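# Architecture and fold: a report
Below, each chain spelled out in residue letters.
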Amino acid sequence: MAEESSKHLEVALVAAERVVWEGQATIVIARTTDGDVGILPGHAPLLGLLQGGTVQVRTVDGDFLVAAAPDGFISVANDRVSILAENAEMGHDIDLEEARRELEQALATGTAGEADADEVRAAEARVRAAETAS
């Protein structure tokens with residue numbers, strides 16, 4: 001059993017109110033405050049702060065998934081990856097045109113305050129996730 005678990009990761013992407021995606025993966029890539037991190041089976045334990053971006057997952061079936069997870073945490077231990085975000089959504093569930101409009105609106109309001117900057121980062125993440133998924 002230990003040999004089988006070393007071939008994949010158990011991944012859970014969880015938003016505040018629901019599980020967005022869970023399954024087995026061969027690699028997870030996420031942007032943290034320390035930069036991009038790639039997680040492969042056997043990765044050392046890690047706890048990181050996500051920074052306004054996307055999370056990419058290559059499933060054991062070879063599918064490539066991308067999710068917008070603008071802010072949250074990533075935890076890695078014993079080939080289990082938990083991504084916890086207040087807001088997260090799969091790229092294929094995002095309407096690209098709507099996401100672009102929301103980004104334009106967020107940019108038009110400016111980034112004077114931290115809340116405005118967070119709104120822009122979240123909108124940018126949604127656009128990137130939708131573009132990558134399409």
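Residues numbered from 1 in each chain as written. Predicted model: local features only at pLDDT ≥ 70, side-chain atom pairs only at ≥ 80, totals over all residues. Heavy atoms only, no water.

Worth spelling out the cut-off: UniProt positions are given in the numbering used here, feature names are shortened, and annotations may be inferred rather than shown by experiment.
As recorded in an unreviewed UniProt entry, the protein chain goes by ATP synthase epsilon chain and comes from Kribbella albertanoniae. Comment text from UniProt for the protein chain, heading Subcellular location (unreviewed entry), reads "Cell membrane". Here is the UniProt Subunit (unreviewed entry) comment for the protein chain, exactly as written: "F-type ATPases have 2 components, CF(1) - the catalytic core - and CF(0) - the membrane proton channel. CF(1) has five subunits: alpha(3), beta(3), gamma(1), delta(1), epsilon(1). CF(0) has three main subunits: a, b and c."

### A short note on the UniProt feature "domain: ATP synthase F1 complex delta/epsilon subunit N-terminal" (unreviewed entry) in the protein chain
Definition in use: Starting at the N terminus, helices and strands are each numbered in turn, a helix being any DSSP run of H or I of at least four residues and a strand any DSSP run of E of at least two.
The positions UniProt marks with the feature "domain: ATP synthase F1 complex delta/epsilon subunit N-terminal" (unreviewed entry) are residues 9-88. Helix makes up 0% of residues 9-88 and strand 74%, whereas the separation of the span's terminal C-alpha atoms amounts to 20 Å.

### Quick word on the domain arrangement of the protein chain
Filter applied, for reference: Where each domain starts and ends comes from a domain assignment, either automatic or drawn from a database. Note on contacts: a residue pair qualifies if any of its non-hydrogen atoms lie within 4.5 Å across the two residues. Once two parts are brought into contact, the accessible area they lose, counted with a 1.4 Å probe and summed over both, makes up the buried area. In the sections that follow, a salt bridge refers to a side-chain nitrogen of Lys or Arg positioned within 4 Å of a carboxyl oxygen of Asp or Glu. As used in this structure description, the phrase polar contact means that two N or O atoms lie within 3.5 Å; if the pair is within protein, one of them must be able to donate a hydrogen and the other to accept it, and residues adjacent in sequence are counted only when both atoms belong to side chains. Residue polarity follows a fixed list, in which Ala, Val, Leu, Ile, Met, Phe, Trp, Tyr, Cys and Pro are nonpolar, Asp, Glu, Lys and Arg are charged, and the others, Gly among them, are polar.
Taken domain by domain, the protein chain consists of domain 1 (2-90) and domain 2 (92-133). With centres defined by C-alpha atoms, the gap from domain 1 to domain 2 works out at 21 Å. Contacts between the two partners involve 10 residues from domain 1, matched on the other side by 11 residues from domain 2. Approximately 950 Å² of surface area, both sides summed, lies buried where domain 1 meets domain 2, with 65% of it carried by carbon and sulfur atoms. Considering only the side of domain 1, the residues that lose the most area to domain 2 are Val66, Glu89 and Met90, jointly responsible for 45% of the buried surface there. Inspection of the region where domain 1 meets domain 2 yields 1 salt bridge. In this structure, the salt-bridge partner of Glu89 is Arg126, at a minimum N-O distance of 2.5 Å. Seen at the junction of domain 1 and domain 2, the total is 3 residue pairs in polar contact (both at pLDDT 80 or more). Counting residues per element, the ones that place at least two in the side of domain 1 that touches domain 2 are β4 (46-59), β5 (64-77) and β7 (89-90). For the side of domain 1 that touches domain 2, the element with the most residues is β5, which contributes 5 residues. Residues of the side of domain 1 that touches domain 2, tallied by class, amount to 6 nonpolar, 3 polar and 1 charged.

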